[in-house]
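What follows is the residue order along each chain.
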Amino acid sequence: MRIFGVNYNWLDGSPITVVLGLVYGYIPFLILPLYATLERLDWRLIDAARDLGANSRQAFRLVTVPMSKAGLVAAGILIALPMFGDYYTNDLLSRSPSTEMIGNQIEFFLNASTLPQNGAVLVIALSLFLLLLMSFYLRSTRQQTRQTAR
Amino acid sequence: MKRNKKSALVYIVWGYIIWSLVPVIIAVIYSFNDGRSRTVWQGFSLRWWFTDPYASVFHNPETRNAISNSLILAFATLLVVTPLGITLAIGSQRIRGRGSHVVQGLTSAPLITPEIVVGAALLITFTRLFTAVPLGFAAQLLGNVTFSLASVVVIVRARLVSIGSSFEEAARDLGATRWQALRYVLLPMLWPSVMASLVVVFATVIDDFVITSFLSSGVNSETVPLRIYSSVKGGATPALNALATLLVLASFTVLIIGLFGLSTWRKRHGERGGLRAALADVTQMEN
């Protein structure tokens, strides 16, 4: 429903609006896996860091962040994947050619032009790029499950 | 020092919650606007919901068409994808050895594939290769089944892993055939994961935009999200807000029903009950 919130005069193709719209739409998908990672953390280690004299900021920087790095990366990839295919956020909030993303071009070539081949090529290029991210994601989650299983 | 920091984090969380809810609430409020505007408040009325004989949500033929298309598509997808997903989960769980990683990766790959890739691929498939499948309902059904199958498989497989094989082995030892062990022991124990996947699939399909849009054949296969998308740019009335409200309500109702069903099932079967465990079933979070 992000359509209605930003119904002001900045709907004239400003990139800030598109970025805000994307953030609004995808942040829950970042929070959920990140929350799961944080919940699985061994909080005794953080208590130990505090006991050994770290203040809360140091404990966060030196213990919490390194321990949840894998989850952070996985969550980032998890929202990057669908975001690369997003074209509707852009379309609804801006419609300006200056803010177009690859998804808009795919949609244009496949649905509104006589050159669906171009769209197909873009899809393949995008998938190859995302395949890299995906394998990285699968590897990091597998490592994570192996760690928790241990 | 510590107190201050904590309260700053709390403010950020509340700020986020408010920021994420306000647009939806504004949209809902303006569906009760008396005028044609979706930005200027002109008093309360129900004209965009019931009273207007042509333009209101429940009278306008186009929005009614979109609502029924959405519901039909969602329930048809549920009917196909649930048995298929359970079978696939059980089957892929039993593959041992080297192949198991490949199968598990392949069955969960659609979960992290962007919708536009699936949508574009299916569009090309149905328009060039399998031309027997017409664009419209049939193609949309197949597309949504393809896309949401992975979530059913992942949810059911997580449950299978937590059940383990001992119950089935006990049943076999006590003289049950393979089929009986499956039917009377394993399937009943899978029930919470089935309920969770029903909720997830319904919520996905009912507000799916990309795949449904790529595979639609025009007005006669227009669903609610497509209708919202196509009319939000033109001279939309608060009836559009009412339609969007219905969409939110539909997902929300199904989620609530599913969560309560899950938590009562868990309580009755002596498993860890409560809404929290049910929510973990749906979101696949461990807690």
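Cut-off values and rules
- Residues numbered from 1 in each chain as written.
- Chains lettered and ligands numbered in written order.
- Predicted model: local features only at pLDDT ≥ 70, side-chain atom pairs only at ≥ 80, totals over all residues.
- Helix = DSSP H or I, 4+ residues; strand = E, 2+ residues; numbered from the N terminus.
- Buried ≥ 20, exposed ≤ 12 C-beta atoms within 10 Å, placed from the backbone.
- Contact = placed C-beta atoms within 7 Å.
- Core = buried A, V, L, I, M, F, W, Y, C linked by C-beta atoms within 7 Å.
- pLDDT = per-residue confidence, 0-100.
- Axes fitted to C-alpha atoms, helices over the stretch in contact; angles between N-to-C directions.
- Left-handed = near helix turned anticlockwise from the far one by under 90°.
- Nonpolar A, V, L, I, M, F, W, Y, C, P; charged D, E, K, R; others polar.

A tally of helices and strands in chain B yields 12 helices and 0 strands. Counting from the amino terminus, helix and strand elements in chain B follow one another as α-α-α-α-α-α-α-α-α-α-α-α. Oriented by its inertia axes, the alpha-carbon framework of chain B measures out at about 70 × 65 × 35 Å. Evaluated residue by residue, chain B yields a buried proportion of 34% over its 287 residues. Considering only intrachain contacts with a sequence separation of at least 6, the fraction spanning at least 24 residues in chain B is 70%.

This part takes up the overall build of chain A. Within chain A, the regular secondary structure consists of 8 helices and 0 strands. Element order for chain A, N to C, with α for helix and β for strand: α-α-α-α-α-α-α-α. Counting contacts in chain A only where the partners sit at least 6 residues apart, residues at least 24 apart contribute 58% of the total.

As a further point, take the interface of chain B and chain A. Each side of the interface is counted separately: chain B has 28 residues, and chain A has 33 residues. Looking at the side of chain B that touches chain A, the elements with two or more residues in it are helix H1 (2–30), helix H4 (99–112), helix H5 (115–129) and helix H11 (238–268) of chain B. Broken down by element, the side of chain B that touches chain A gets its largest block of residues, 8 residues, from H1(B).

So, on to the nonpolar core. Side chains of a nonpolar character, in soluble globular proteins, are inclined to be buried together. Grouped together as the largest cluster of nonpolar side chains are 42 residues, with contacts concentrated most on Val152(B), Val153(B), Val156(B), Val199(B), Val201(B), Phe202(B) and Leu243(B). Breaking this core down by element, the ones donating at least two residues are H1, helix H3 (61–94), helix H6 (137–163), helix H8 (178–206), helix H10 (224–231) and H11 of chain B. Excluding anything up to four places from it in sequence, Leu243(B) contacts Val57(B), Thr63(B), Val224(B), Arg227(B) and Ile228(B). Core analysis: the next-biggest nonpolar cluster, separate from the first, contains 28 residues, Ala74(A), Ile106(A), Tyr137(A) and Leu215(B) among them.

With 93% of its residues at a pLDDT of 70 or more, chain B has an overall mean of 83. Scored as a complex, the prediction yields pTM 0.82 and ipTM 0.75.

All names here are of chain B. Packing of H3 against H8 brings their axes to within 9 Å, and their N-to-C directions diverge by 145°. In this structure, H3 meets H8 at a crossing whose hand is right-handed. Taken together, the residues of H8 that come into contact with H3 (itself represented by Ser-70, Leu-73, Ala-74, Thr-77, Leu-78, Val-81, Thr-82, Gly-85 and Ile-86) are Leu-190, Val-194, Ser-197, Leu-198, Val-201, Phe-202, Val-205 and Ile-206. Classifying every residue of the contact of H3 with H8 gives 12 nonpolar, 5 polar and no charged.

To continue, consider the environment of Phe84(A). For Phe84(A), the position within the fold is in helix H5 (residues 69–84). Phe84(A) gets classed as partly exposed once you count the C-beta atoms within 10 Å, which come to 18.

Residues and elements named next belong to chain A. With 87% of its residues at a pLDDT of at least 70, chain A reaches an overall mean of 80. Mean pLDDT across the elements of chain A bottoms out in helix H1 (residues 2–5) (47) and peaks in helix H3 (residues 43–51) (86). Considering only residues more than four positions removed or in separate chains, one finds that residues 1–6, a stretch of pLDDT under 50, has 22 contacts.

What follows deals with the packing of H3(A) against helix H4 (residues 56–67) of chain A. Residues and elements named next belong to chain A. Direction vectors running N to C along H3 and H4 enclose 145°, while the axes themselves pass 10 Å from each other. The hand of the H3/H4 crossing is right-handed. Mapping the contact onto sequence places Leu-45, Ile-46, Ala-49 and Arg-50 in H3 and Ala-59, Leu-62, Val-63 and Thr-64 in H4. When the residues that make up the contact of H3 with H4 are grouped by side-chain class, the tally is 6 nonpolar, 1 polar and 1 charged.

All right, on to the environment of Pro82(A) then. For Pro82(A), the position within the fold is in helix H5. With 20 C-beta atoms counted inside 10 Å, the residue Pro82(A) sits in the buried group. Each C-alpha atom, one on Pro82(A) and one on Tyr26(A), is 8.7 Å from the other, the two residues being 56 residues apart in sequence. Setting aside residues up to four positions removed in sequence, Pro82(A) forms contacts with Pro114(B) and Glu115(B).

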